[in-house]
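Coordinate analysis (summary)
Spelled out from the first residue to the last, the chains are:
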Amino acid sequence: TWTPDAFVEATVAELKEKIGKDKVILGLSGGVDSTVAAVLLHKAIGKQLHCIFVNNGLLRKNEFTEVLDQYEHMGLNVKGVDASARFLNALEGESDPEKKRKIIGGVFIDVFDDEAHKVEDAKWLGQGTIYPDVIESVSATGGPSATIKSHHNVGGLPDFMKLKVVEPLKMLFKDEVRRVGASMDLEPERLGRHPFPGPGLAIRILGDITREKVAILQEVDAIFINGLKEWGLYDQVWQAGAILLPVQSVGVMGDERTYEKCVALRAVESTDGMTADWVNLPYEFLQKTSNDIINKVPGVNRVVYDISSKPPATIEWE
Ligand code: XMP
């Protein structure tokens, strides 16, 4: 029978054998899969593993520094690269959802390639690919590999993509990845993290992206997600987030009439993201969250809750 401990032992031995004295480069995203893949590789080859964690400027509030800190505490050989400006400049003025994804995928490849070149003589590219990624290798929703393919099918491949690939989680399902992570003492917070899309907040800001909008959405999202955690609801929800709408509406604040932004909150139950139901969050929680958002986030005067299921609605709004 399959056990996480036995998997770790066998995989670490295999990786040692396969990689020998070579260097491996791996992109960390903050998510479960890349983190577990990195920890396995680190167990096998230690500092020969060079991890790169890119801030695209579209992560959750404080996520880049907090997660980078955690990675460092885990002993990973990790370099944090703040490329926010590169991403945000490239996105300027773009409103089309697919074009936003393409831009982000393209800039990511460029940034990652630059960093990969700094690791001299690397032979391998480590990836957190899991079994479901393998079977739907170019997924309709477009995981990182889909983005890479659509961006680079014209010109030549970037150099890091010519490296040999090592994917220690390739035969595992998500729940097995979590169990493997737990058996290596990864923090429950990292293992239980909700899925978060690669293009990040870019696809939760409908319309064009500005630094100001990112900052507003980060605040709103933090209030919502921290609230879910405080109320013990986070683990009952498969994925949650806030969406900044390209809508202004009239409100009153004291004696003044306001004309400000509207955010939508979304929380869904799902097993794989292919279908999803909106979550019946307690009214008291929604009431408190809405008040907090409107009182604490300047520029937002209206909060709505998304009660659409997938299909026909998707989880993300873009
Ligand atoms: P949808 O919106 O298609 O989302 O119902 C299903 C799941 O996929 C995630 N998602 C993405 N993940 N790049 C990603 O890495 C993307 O472009 C992307 N679009 C959607 C979404 O967050 C949900 O978990």
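Residues numbered from 1 in each chain as written. Predicted model: local features only at pLDDT ≥ 70, side-chain atom pairs only at ≥ 80, totals over all residues.

1. So, the overall build of the protein
Scanning the protein from N- to C-terminus turns up 11 helices and nine strands. On C-alpha atoms alone, the protein measures out to a radius of gyration of 20 Å, which is about the 20 Å that the 2.2 N^0.38 rule sets for 318 residues. For the C-alpha atoms alone, the extent of the protein along its principal axes is close to 70 × 45 × 35 Å. Evaluated residue by residue, the protein yields a buried proportion of 34% over its 318 residues. Residue pairs at least 24 apart in sequence account for 75% of intrachain contacts in the protein once pairs closer than 6 positions are excluded. (Helix = DSSP H or I, 4+ residues; strand = E, 2+ residues; numbered from the N terminus. Rg over C-alpha atoms; globule rule 2.2 N^0.38 Å. Buried ≥ 20, exposed ≤ 12 C-beta atoms within 10 Å, placed from the backbone. Contact = placed C-beta atoms within 7 Å.)

2. Section: the packing of helix H1 (residues 4-19) against helix H2 (residues 32-45)
Look at H1 against H2: their axes get within 8 Å of each other, and the N-to-C directions meet at 60°. In terms of orientation, H1 and H2 fall into the oblique class. Seen from above, H1 lies across H2 with right-handed handedness. Contacts between H1 and H2 involve Val8, Thr11, Val12, Leu15, Lys16 and Ile19 on the former and, on the latter, Leu40, Leu41, Lys43, Ala44 and Ile45. Here the residues of the contact of H1 with H2 are counted per class, giving eight nonpolar, one polar and two charged. (Axes fitted to C-alpha atoms, helices over the stretch in contact; angles between N-to-C directions. Parallel < 35°, antiparallel > 145°, perpendicular 65-115°, else oblique. Left-handed = near helix turned anticlockwise from the far one by under 90°. Nonpolar A, V, L, I, M, F, W, Y, C, P; charged D, E, K, R; others polar.)

3. Some thoughts on the UniProt feature "binding site: ATP" (unreviewed entry) in the protein
As annotated in UniProt, the feature "binding site: ATP" (unreviewed entry) corresponds to Ser29, Gly30, Gly31, Val32, Asp33, Ser34 and Thr35 in the numbering used here. Judged by local crowding, Ser29 falls into the partly exposed class, with 18 C-beta atoms found within 10 Å. Ignoring anything within four residues of it in the chain, the contact list for Thr35 reads Leu28, Leu186 and Arg190. (UniProt positions renumbered as here; feature names shortened; annotations may be inferred.)

4. Observations concerning the domain arrangement of the protein
Each domain of the protein was delimited in the assignment, giving domain 1 (4-191) and domain 2 (210-305). Taking the mean C-alpha position of each, domain 1 and domain 2 sit 29 Å from one another. Across the boundary between the two partners, domain 1 contributes five residues, which contact six residues of domain 2. Here the residues of the side of domain 1 that touches domain 2 are counted per class, giving two nonpolar, one polar and two charged. (Domains from an automatic or database assignment.)

5. Comments concerning the sheet that holds strand E3 (residues 78-82)
Reading across from one edge, E3-E2-E1-E4-E5 is the order of the five strands in this open sheet, with parallel pairing throughout. Pairing within the sheet leaves two strands with one partner each, and these edge strands are E3 and strand E5 (164-166). Across this sheet, the average inter-strand angle for adjacent strands is 30°, counted without regard to direction. Across five bridges, strand E1 (residues 23-28) lies against strand E2 (residues 49-55) in parallel orientation. Opposite Ile25, over in E2, you have His50 as the bridge partner. The strands touched by H2 are E1, E2 and strand E4 (122-126); relative to E1, the strand with the most contacts, the crossing angle is about 160°. Sheet contacts for helix H3 (residues 63-73): E1, E2 and E3; angle to E3, the most-contacted strand, approximately 170°. (Pairing = 2+ DSSP bridges.)

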